[in-house]
Amino acid sequence: MEVAKAQITQGALNAIFNDTDRVIKDFPVPVCQVVQVKPMGAGVDGQAERFRLVVSDIQNFVQCMLATQANHVIHDGKLTKGCFIRLKNYQANEVKGKRILIILDIDVIESLGTMEKIGEPTAVKVEEDVKPTNTSIAGSGFYGNKPQPQQPAAQDRALPSRNGPSSSSSHATIYPIESLSPYAHKWTIKARVTSKSDIRTWSKPNSEGKLFSVNLLDESGEIKATGFNEQCDALYEIFQEGSVYYITSPCRVQIAKKQFSNINNDYELMFERDTLVEKAEDQDNVPQVRYNFSNIGELQSIEKDSTVDLIAVLKEVGEISEITSKTTSKPYSKRELTLVDETGYSVRLTIWGKTATSFDASPESVVAFKGVKVSDFGGRSLSLLSSGSMSFDPDIQEAHRLKGWYDSQGRTSNFASHSNLASAGAAGGRQDPVKTIAQVKDEGLGMSEENTDYFSSRATIVYIKQDNFCYPACLNENCNKKVVDQNDGTWRCEKCNQSHPKPEYRYILALNVNDHTGQMWLTAFDEVGKLVMGKSADELMELKENDPPAMERVFEDANCKMMTFKVRCKTDTYQDQARVRYSVMSASAVNYAADALKLAELIKAYNID
Ligand SMILES: [Zn+2]
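Here's a quick rundown of the structure.

Criteria and cut-off values
- Residues numbered from 1 in each chain as written.
- Predicted model: local features only at pLDDT ≥ 70, side-chain atom pairs only at ≥ 80, totals over all residues.
- Heavy atoms only, no water.
- 1 Å grid on protein atoms, 1.4 Å probe; cavity = no way out; pocket = protein on both sides within 12 Å on 5 of 7 lines; lining within 4 Å.
- Points joined across faces, edges and corners; volume = space filled by probe spheres on them.
- Helix = DSSP H or I, 4+ residues; strand = E, 2+ residues; numbered from the N terminus.
- Nonpolar A, V, L, I, M, F, W, Y, C, P; charged D, E, K, R; others polar.
- Contact = heavy atoms within 4.5 Å.
- Polar contact = N/O pair within 3.5 Å; in protein donor to acceptor, adjacent residues only side chain to side chain.
- Salt bridge = Lys/Arg side-chain N within 4 Å of Asp/Glu carboxyl O.
- Buried < 20%, exposed > 50% of the residue type's maximum accessible area, 1.4 Å probe, protein only.
- Pairing = 2+ DSSP bridges.
- Arc of directions from axis to C-beta.
- Donors = N, O, S within 2.8 Å, 3.2 Å for Na, K, Ca; no water.
- Tetrahedral: all angles 85-135°; square planar, octahedral: opposite > 155°, others 65-115°.
- Phe/Tyr/Trp six-rings, centres within 6.5 Å; stacked < 30°, edge-to-face > 60°.
- Core = buried A, V, L, I, M, F, W, Y, C linked by side-chain atoms within 4.5 Å.
- Axes fitted to C-alpha atoms, helices over the stretch in contact; angles between N-to-C directions.
- Parallel < 35°, antiparallel > 145°, perpendicular 65-115°, else oblique.

Quick look at the layout of surface pockets
Where empty space is left in the structure can be found by rolling a water-sized probe over the atoms. By volume, the second largest pocket amounts to about 560 Å³. Lining the second largest pocket are 23 residues, and of these Ile-508, Leu-509, Ala-510, Thr-523 and Arg-581 sit closest to its centre. The set of elements that each furnish at least two residues to the lining of the second largest pocket consists of strand S28 (504–507), strand S29 (509–515), strand S30 (518–524), helix H10 (526–533) and strand S32 (577–589). A total of 6 residues in the lining of the second largest pocket trace back to one element, the largest contributor, which is S32. Split by residue class, the lining of the second largest pocket holds 14 nonpolar, 2 polar and 7 charged.

This is the structure we're talking about:
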């Protein structure tokens, strides 16, 4: 223990946050002990995996975030609880009053092994009016899982200790995107625009305006940036997808609204009046869009609502169609593309808005898509997210391989489809989106004359009508028609033109269900009825005849069940009265564990921790 203890730079963590001069002089490469390692939402939904550490210099400890470019020490199995590290490159941050060190480059001192926590360190305190010290990185040429071998910046990485700030005449210090926080002071980032949205406008009783957003990428990560009104006018034309820019503060860094973004960053940028945006003179040295391709054949095994990247040959380009959003009542354009690849499968992908109207690639192009959502409508179909992007005939290995395959055999191949019959005109749609009862009503589901809508809701049964809970049905298989009591001991089916000695009772239940947003009436038929009541309708009719209190108890027991209902809804007209009927297609017990996880994800989208 003494050997390790002697190596630790005691006081370094305090100096990093409170004594800039001293850290440069005395602790050029701080050595600390790792006392905790924790993954944060590792790798779900295609997000980058991240790790949080607590490190100690015996006197103090501090929370750290490992930059993704430094994750290799975890993957190598070197960084574990109790080990010792050299902090070669880091960035000190203060977030909501918490001290956080972002570790950009790190060595594990393997010769020291691992040990129980040494000493009783306390949390680093920040003295008033002291700016924490940072080391800034130069481009390291490393991004994600794909090293880019010809990066000139590789020599920077070979420097023995902390790199000085990278500089150019006009941009003193380039910060990595990953180090930006609301507490970062003067900064410049150098980033590539991986996608640019259309201009969107809004008009509400008390405000109207417009906005656009771009996704920005550098070696350390990605961030979304949005420009409103004047900034939208000033910057929209300047940003071009694929180009590299310097962006210099003042520019607001705020907590990301993750529900509107598929980027894994706790923060996002909002351009301000004096934000400086300049196209970089050298367009290299910043990674291109990072892809993690799936192929069409494997889509079947990818969970719906996942986001994937895809590269494929464009087989057919559909016409533009205008449809009206049920959610916003606004019209928008869409276009369907049919894509194929060498797995022998084809799939439909829907593009939206201006991307759809301005689409002009010809069939047989190779297209790389970043950020498409997988839907299970009609087997499998895809939809390009508004934050997603397309690249035509990109100069990447996968594209050349596909082109070669298509020219040699793909052009004349037949392709299997994931879809079944229902897919026409609705690629990327969802057959049974999860809705609250209020959403079902507000969005007018089932209210159009021509369409049938589907949704799924989690709700609690609060009342079941006892009158006419079932009807006497024909005994013949697949008939299910109502039979009429002939009062001679037989029951007659008009359709089958046949009399039966008894009917089979089948449920037609009227269920009143509630959730936190409202209540509605559902109609449930025999299969679902059995599930809800726990008995067949025949059994329940027998109780009704012979033991009415027992029947009452069955109804009571069925009440207050929480279930997930898949519902079909459609308007029907009865005696000139149009009304929406909500029919339960299937019902299942709530899977509390799975639902709790979904809820936790939803809550997480409102929080940075
Ligand atoms: Zn019949």
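Quick word on the environment of Ser-197
Tracing the backbone shows Ser-197 in the loop between strand S7 (188–196) and strand S8 (200–204). Setting aside chain neighbours within four positions, we find Ser-197 in contact with Phe-212, Ser-213 and Tyr-236. Polar side-chain contacts of Ser-197 include one of 3.4 Å to the side chain of Arg-200.

Comments concerning the pattern of salt bridges
When charged atoms on two side chains of opposite charge get close, those side chains can pair. What the rule picks out here adds up to 20 salt bridges. For Lys-88, the salt bridge goes to Asp-107, with nearest N and O atoms at 3.7 Å. Linking Lys-88 in strand S4 (residues 84–95) with Asp-107 in strand S5 (residues 98–108), this pair joins segments that are 19 residues apart in sequence. The exposure class of Lys-88 is buried, given its relative accessible area of 16%. With a relative accessible area of 28%, Asp-107 lands in the partly exposed category.

Overview of the pairing of S29
Within S29, 5 of the 7 residues are buried, leaving the element largely enclosed by the surrounding structure. In this structure, strand S23 (residues 453–464) lies alongside S29, joined through 4 bridges in antiparallel fashion. Looking across to S29, one finds that Tyr-463 is bridged to Asn-512. The sheet contact formed by S29 and S30 spans 7 bridges and is antiparallel. Looking at the pairing, Leu-509 lines up with Ala-524 of S30. Linkage of S29 to S30, two consecutive antiparallel strands, is achieved through a turn of 2 residues.

Considering helix H12 (residues 548–558)
Those residues of H12 lying buried are Ala-550, Met-551, Val-554, Phe-555 and Ala-558. Viewed along the axis of H12, the buried residues span an arc of 145°, placing them on a single side of the element. Seen from the open side of H12, the exposed residues pointing more than 90 degrees away from its buried face are Glu-556 and Asp-557. On the buried face of H12, the contacting elements are S23, H10 and helix H11 (537–546).

Concerning the coordination of the zinc ion
Every protein donor of the zinc ion is accounted for by Cys-474 (SG), Cys-479 (SG), Cys-493 (SG) and Cys-496 (SG), and the metal-donor separations fall at 2.2 to 2.4 Å. Here the zinc ion binds 4 donor atoms, and the angle range of 104 to 113° at the metal identifies the geometry as tetrahedral. For the zinc ion, the donor residues sit on a single chain with the sequence spacing C-x4-C-x13-C-x2-C.

Concerning the packing of aromatic side chains
Counted according to the given criterion, the structure contains 13 aromatic pairs. Ring centres of Phe-239 and Tyr-245 lie 5.0 Å apart, and the angle between their planes is 65°; this geometry places the pair in the edge-to-face category. No difference in accessibility class separates Phe-239 from Tyr-245, as the two residues are buried. Residues Phe-469 and Phe-555 carry aromatic rings whose centres are separated by 5.5 Å and whose planes lie at 75° to one another, so their mutual orientation is edge-to-face. Residue Phe-469 is located in the loop between S23 and strand S24 (470–473), and its partner Phe-555 is located in helix H12; the two are separated by 86 residues in the primary sequence. When sorted by exposure, Phe-469 lands in the same class as Phe-555, which is buried.

A closer look at unusual backbone geometry
The residue after Ser-249, namely Pro-250, is reached through a cis peptide bond having omega 10°. The phi angle at Ile-58 is positive, at roughly 80°, despite the residue not being glycine. Located in the positive-phi region is Asn-478, a residue other than glycine, with phi close to 65°. The topology assignment puts Asn-478 in the loop between S24 and strand S25 (484–485). For Asn-478, a relative accessible area of 70% puts it in the exposed group.

Some points on the side chain of Asn-60
Relative to the assigned elements, Asn-60 resides in strand S3 (residues 60–66). Residue class for Asn-60 comes out buried when judged on its relative accessible area of 10%. A polar side-chain atom of Asn-60 sits 3.2 Å from the main-chain carbonyl oxygen of Thr-122. Setting aside anything within four residues of it in sequence, one finds Asn-60 in contact with Leu-13, Asn-14, Val-55, Pro-121, Thr-122, Ala-123 and Val-124.

Some points on the nonpolar core
Counting residues in each nonpolar core, the largest one holds 39 residues, and the members touching the most others are Leu-511, Met-533 and Phe-565. Residue contacts for Phe-565: discarding those within four places in its chain leaves Phe-455, Ser-456, Ser-457, Ala-459, Ile-461, Leu-511, Val-513, Leu-522, Val-584, Ser-586 and Ala-587. In terms of nonpolar packing, the next biggest core, distinct from the first, is built from 29 residues, Val-34, Val-62, Cys-83 and Ile-106 among them.

So, the environment of Phe-293
Within the secondary structure, Phe-293 is located in strand S15 (residues 293–294). As a C-alpha pair, Phe-293 and Ala-312 span 19 residues in sequence and 9.9 Å in three-dimensional space. The residues touching Phe-293, leaving out its near neighbours within four places in the chain, are Glu-298, Asp-309, Leu-310, Ile-311, Ala-368, Phe-369, Ile-396 and Glu-398.

Quick word on the packing of H11 against H12
The geometry of H11 relative to H12 is characterised by a closest axis approach of 6 Å and an angle of 140° between their N-to-C directions. In terms of orientation, H11 lies oblique with respect to H12. Residue-level contacts link Leu-540, Leu-543, Lys-544 and Asn-546 of H11 to Pro-548, Ala-550, Met-551, Val-554 and Phe-555 of H12. The residue inventory of the contact of H11 with H12, partitioned by class, reads 7 nonpolar, 1 polar and 1 charged.

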